[in-house]
Amino acid sequence: MSHMAEESGSPGQRRDSIKTTVGNMAGQRRRQQAVSVGKERRDAVVRAKRLCRVDFNDEDGNMVDTDVAMDDDKASLEDQIVHIVEELKSAASFTGKGSFQKKMEVLRRLRRLLSQTSMPPVETAVQAGVVPILVQCLSFGSANEQLLEAAWCLTNIATGDVDQTRALLPALPLLISHLGEKSSIPVAEQCAWALGNVAGEGEEFRDILLAQGALPPLARLLLSNKGSTSRTAAWALSNLIKGPKPKAAAELIKMSGIPEAIVRHMQKGDEELATEVAWVVVYLTALSEMHSGLLIEAGLLPPLVGRLASSDQLSLLTPVLRSIGNLVAGDNRKTDAVLAAGNDIPGSVVGAVIKCLESQHRTLKKEAAWALSNIAAGTLVHKQLIFSSGAVSSLLHLLVTATFDIRKEVAYVLGNLCVATVEETGESMTILEHLTVLVNRRCLPGFINLIKSPDIEAAKLGLQFLELVMRSLPNDQGPKLVEKEDGIAAMELFQFHENEEIRNMANGLVDKYFGESYGIEEEY
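What you are looking at is a predicted structure, and each value in this text was computed from that prediction instead of being measured. (Residues numbered from 1 in each chain as written. Predicted model: local features only at pLDDT ≥ 70, side-chain atom pairs only at ≥ 80, totals over all residues. Heavy atoms only, no water.)

### Considering the overall build of the protein chain
Of regular secondary structure, the protein chain possesses 32 helices and four strands. Considering the protein chain as a whole, with its 524 residues, one finds that 56% of them fall into the buried category. Sequence-distant contacts in the protein chain: of pairs separated by 6 or more residues, those separated by 24 or more amount to 73%. Summed over all atoms, the accessible surface of the protein chain reaches about 21900 Å², with 51% contributed by carbon and sulfur. (Helix = DSSP H or I, 4+ residues; strand = E, 2+ residues; numbered from the N terminus. Buried < 20%, exposed > 50% of the residue type's maximum accessible area, 1.4 Å probe, protein only. Contact = heavy atoms within 4.5 Å. Areas by Shrake-Rupley, 256 points an atom, 1.4 Å probe, with all protein chains shown as cover.)

### Brief notes about unusual backbone geometry
Positive phi is not limited to glycine here, since R442 has a value of about 65°. Assignment of secondary structure puts R442 in the loop between α26 (432-440) and α27 (444-451). For D476, which is not a glycine, the phi torsion comes out positive at approximately 55°. As for its position among the elements, D476 is in the loop between α28 (456-472) and α29 (477-484).

### Things to note about the side chain of T363
Residue position: T363 is located in helix α22 (residues 362-376). Exposure remark for T363: the relative accessible area of 19% places this residue in the buried category. Beyond its immediate stretch of four places on either side in the chain, T363 contacts L314 and T318.

### Here we look at the confidence of the model for the protein chain
Mean pLDDT over the protein chain: 86, with 85% of residues reaching 70 or higher. Confidence drops under a pLDDT of 50 for residues 1-28, and excluding neighbours within four residues, the segment shows 92 contacts in the predicted structure. Every residue in residues 56-72 scores below 50 in pLDDT, and together they form 33 contacts with partners more than four places removed in sequence or on other chains. (pLDDT = per-residue confidence, 0-100.)

### Some words on the packing of aromatic side chains
Taken as a whole and judged by the stated rule, the model has one aromatic pair. Ring centres of F447 and F465 lie 3.8 Å apart, and the angle between their planes is 5°; on these two criteria the pair is classed as stacked. Placement of F447 in helix α27 and of F465 in helix α28 is noted, with a sequence separation of 18 residues between them. We note R322 situated over the ring of W370; from NZ or CZ to the ring centre the distance is 4.8 Å. (Phe/Tyr/Trp six-rings, centres within 6.5 Å; stacked < 30°, edge-to-face > 60°. Lys NZ or Arg CZ within 6 Å of the ring centre and 35° of its normal.)

### Focus: helix α21 (residues 348-357)
Burial analysis of α21 places seven of its 10 residues in the buried class, the great majority of the element. For α21, the set of buried residues is V349, V350, A352, V353, I354, C356 and L357.

### Let's talk about the nonpolar core
Judged by nonpolar contacts, the single largest core of 162 residues is most densely connected at L110, L134, L175, I262, L284 and M491. For this core, the leading source of residues is helix α16 (residues 271-284), giving 10 residues. In this structure L175 touches L138, A151, L154, C191, A194 and L195, once residues within four positions along its chain are discounted. (Core = buried A, V, L, I, M, F, W, Y, C linked by side-chain atoms within 4.5 Å.)

### Points about the UniProt feature "repeat: ARM" (unreviewed entry) in the protein chain
UniProt annotation of "repeat: ARM" (unreviewed entry) refers to residues 213-240 when read in the numbering used here. Secondary structure over residues 213-240 splits into 79% helix and 0% strand, and the C-alpha atoms at its two ends are 11 Å apart. (UniProt positions renumbered as here; feature names shortened; annotations may be inferred.)

### Here's the deal with the side chain of K103
Residue position: K103 is located in helix α4 (residues 99-113). Buried K103, no salt bridge; nearest opposite-charge side chain is E145, N-O distance 11 Å. The residues touching K103, leaving out its near neighbours within four places in the chain, are L88, A91, A92, C137 and Q146. (Lys, Arg positive; Asp, Glu negative; His and termini not counted. Salt bridge = Lys/Arg side-chain N within 4 Å of Asp/Glu carboxyl O.)

### Focus: the environment of L380
Topologically, L380 is positioned in helix α23 (residues 380-387). For L380, a relative accessible area of 38% corresponds to the partly exposed category. Once the C-alpha coordinates of L380 and I431 are considered, the two residues, 51 residues apart in sequence, prove to be 8.8 Å apart.

### Topic: the packing of α22 against α23
Two elements in contact, α22 and α23, have axes separated by 8 Å at closest approach and are oriented at 135°. As judged from the angle between their axes, α22 and α23 are oblique. Counting all contacts with α22, which are made through L372, I375 and A376, the residues of α23 involved are H382, K383 and I386. Across the contact of α22 with α23, the residue classes tally to four nonpolar, one polar and one charged. (Axes fitted to C-alpha atoms, helices over the stretch in contact; angles between N-to-C directions. Parallel < 35°, antiparallel > 145°, perpendicular 65-115°, else oblique. Nonpolar A, V, L, I, M, F, W, Y, C, P; charged D, E, K, R; others polar.)

The structure is reproduced here in structure tokens:
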């Protein structure tokens, strides 16, 4: 997934003043990380597309289970689809007595066939020509029952691949129109669900939906106090505003009542509603300082931090942590505001993040480490808060034992804890107390392992930390400790590396600290 371009004066540039230490990449990473929860990232927690398989009343008012015992044989199911699409075509063209009842009966059977398995025969239905008939069923003036059945069928067809989703393009204007105030709530919700699936297919489809005006009516549905309506709208909106283009998210947050509705849902909604709204918050807090400031002014922080402290659901904690990570990657005043919002919860915000860092969920570990790295890239007070919180033991453990992506995030936290920016001059300084403790607790092997990795960013981070150690520890302890941990061999791996920057960095460190004069004085 491509990343947003940096905006002038954006939070993505906020900590570039640290030039020669571990923290020098903290700022530029912010925007990348904030928007990386695209379709592929979110799939780890929840599918970007969702099949509608809810129970539904039949024509006699009896509940019908969409998982009814039907023939699961794929060929048989496809044959049934082809047959029923032909029936629907015939029913749609029939205008005699009982025509509506006949069409509704066929629509229900089609909907059940498209709902009964996790992988419905979408391609077969599309090739059989079902979409034009369903579009016809969405025409203005149609009965709500017919609109609902047709929208439900289109919802599940939109769970297909890109070509099958593209076949739904003729239906989009009507689906968007039925989001309006004159539509019944069930019909509007189902149309929002279908549009959310289309938006989940990718940037091309998001652009089409935005051009056709899908954003305002979906935003209006988010204002609803009805849980299922606002939940479906939030999910569809999160699919619609994600991606590298910030325009849709920027428009959404400026719409009347939206920041307040987001805060209300985060505060009072159940966990499912809060989860969907939190994903919307993820994309909104990835915008500029001004946009995230609108959410803070509306009162977002207390319920957001409260959810972090009180929930144990991975699906909710993931977007909440990411949103907090975005906010603390802004200016230091926003970090202060986030930390202050946690004064009334047990263990503070940092304590709640550490709880996630120590969880068994890999996703939470990485999100927690990223959030801590942003706090640690702030003021001296922020760094001291983390250092004294008990997080260091967990971080050092993860630096050695975790998967590579988590180890890299943890390395940023530890590195940022050891450097600070002098406000008057903008120059960097070493926090020797923190660095000494970490080195004494054997963090060096973890950073040296990063240098040996094929990941250039991680290797550069490891080299920066070794430079910090060798430059900062008194009595020339640094080079000796690096040599003891086989750091020279790790740096020499880049002697002929194709990446000029990292090659020069590694060779420069070896020449500077382990040149011809290294060890002579000690031998003498």
